[in-house]
Amino acid sequence: SRAASPRRDFLAAQVVAAVTATQALVPHDAWAAVEASLDLPDDYFKKARDAVKTLVASLEFEATNPSNADRFRKAEPAKEAVKAFIKDWASAPAAQGERAHDDIVLAVRELGEFYKENGSRSRLTAETRESVLAKLYDAREALPPAPPSLADRLLGL
């Protein structure tokens, strides 16, 4: 037991040194963003994932050149998800600076500017669609995975 104590102290010192060194290599604003995202409620992540998922699906579908009726039908869930996200989280101080939040807001702003300039029924240009999708893919990457559903937990998937 007495011999284990110096080894334990040595290992503890190594862990503290590794954590300190890692933290020193990461910019302060990146640590702040990570710490801030840990404080956000599950509702934020749920609405952000939903907005990203439905917007990506809608924009990818639009790239297939569907009819206007099909395009608007596919866009409706995205419109509702974005409204829910914007209403609760677009200007929430707790979410400001969170990478996914900022990417979603930038993507929605870019879409809004495009439709304001070209009319709400206009098809997106390939350049605008790709730019918005890139922001949404970044947001999706920054979001934590959705928790497993009840069915997933029951089935062990």
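Residues numbered from 1 in each chain as written. Predicted model: local features only at pLDDT ≥ 70, side-chain atom pairs only at ≥ 80, totals over all residues. Heavy atoms only, no water.

Engineer: Outline the pattern of salt bridges, supporting the account with residue identities and numerical values.
Structural biologist: Throughout the structure, instances matching the rule amount to 9 salt bridges. R73 is paired through a salt bridge with D70; the nearest N and O atoms lie 2.5 Å apart. With a gap of 3 residues between them, R73 and D70 both fall in helix α4 (residues 68-89), about one helical turn apart. A relative accessible area of 55% places R73 in the exposed class. A single salt-bridge network, built from bridges that share partners, covers D43, K47, K87 and D88. (Salt bridge = Lys/Arg side-chain N within 4 Å of Asp/Glu carboxyl O. Helix = DSSP H or I, 4+ residues; strand = E, 2+ residues; numbered from the N terminus. Buried < 20%, exposed > 50% of the residue type's maximum accessible area, 1.4 Å probe, protein only.)

Engineer: Residues and numbers for α4, please.
Structural biologist: For α4, spanning 22 residues, the distance from its first C-alpha to its last is 30 Å, which sits close to the expected 32 Å at 1.5 Å a residue. At A75, α4 shows its largest kink, close to 30°, and the proline P77 lies no more than four residues downstream. Within α4, burial applies to R71, A78, A81, V82, F85 and W89. (Expected span 1.5 Å × (residues − 1). Bend = angle between axes of the 7 residues up to and from the residue.)

Engineer: Could you give an account of the side chain of E62, with specific residues and numbers?
Structural biologist: When you line up the elements, E62 lands in helix α3 (residues 42-62). A distance of 2.8 Å separates the side chain of E62 from the backbone nitrogen of L124, its partner in a polar contact. Excluding anything up to four places from it in sequence, E62 contacts R71, Y115, R123, L124 and R129. (Polar contact = N/O pair within 3.5 Å; in protein donor to acceptor, adjacent residues only side chain to side chain. Contact = heavy atoms within 4.5 Å.)

Engineer: I'd love a proper account of the packing of aromatic side chains, names of residues and values included.
Structural biologist: Scanning the entire structure with this criterion turns up 4 aromatic pairs. Their ring planes at 75° and their centres at 5.0 Å tell us that Y44 and F45 sit as a pair that is edge-to-face. Assigned by exposure class, Y44 and F45 land together as buried. Between Y44 and F85, the aromatic rings sit 6.0 Å apart at their centres with planes inclined by 45°, giving tilted as the arrangement. (Phe/Tyr/Trp six-rings, centres within 6.5 Å; stacked < 30°, edge-to-face > 60°.)

Engineer: Account for the environment of S91, with residues named and values stated.
Structural biologist: Looking at the element boundaries, S91 is found in the loop between α4 and α5 (99-118). Residue S91 is classed as exposed on the basis of its relative accessible area of 64%. Considering only alpha carbons, one finds S91 and V105, 14 residues apart in sequence, at a separation of 9.4 Å.

Engineer: Give a detailed account of the nonpolar core, specifying residues and quantitative values.
Structural biologist: Counting 28 residues, the largest nonpolar core has Y44, V52, L59, F85, W89 and L136 as the members making the most contacts within it. Going through the elements one at a time, α3, α4, α5 and α6 (126-142) are the ones with two or more residues in this core. In terms of residue count, α3 provides more of this core than any other element does, 8 residues in total. Y44 has contacts with F85, W89, A95, E98, A100 and H101, leaving out every residue within four places of it along the chain. (Core = buried A, V, L, I, M, F, W, Y, C linked by side-chain atoms within 4.5 Å.)

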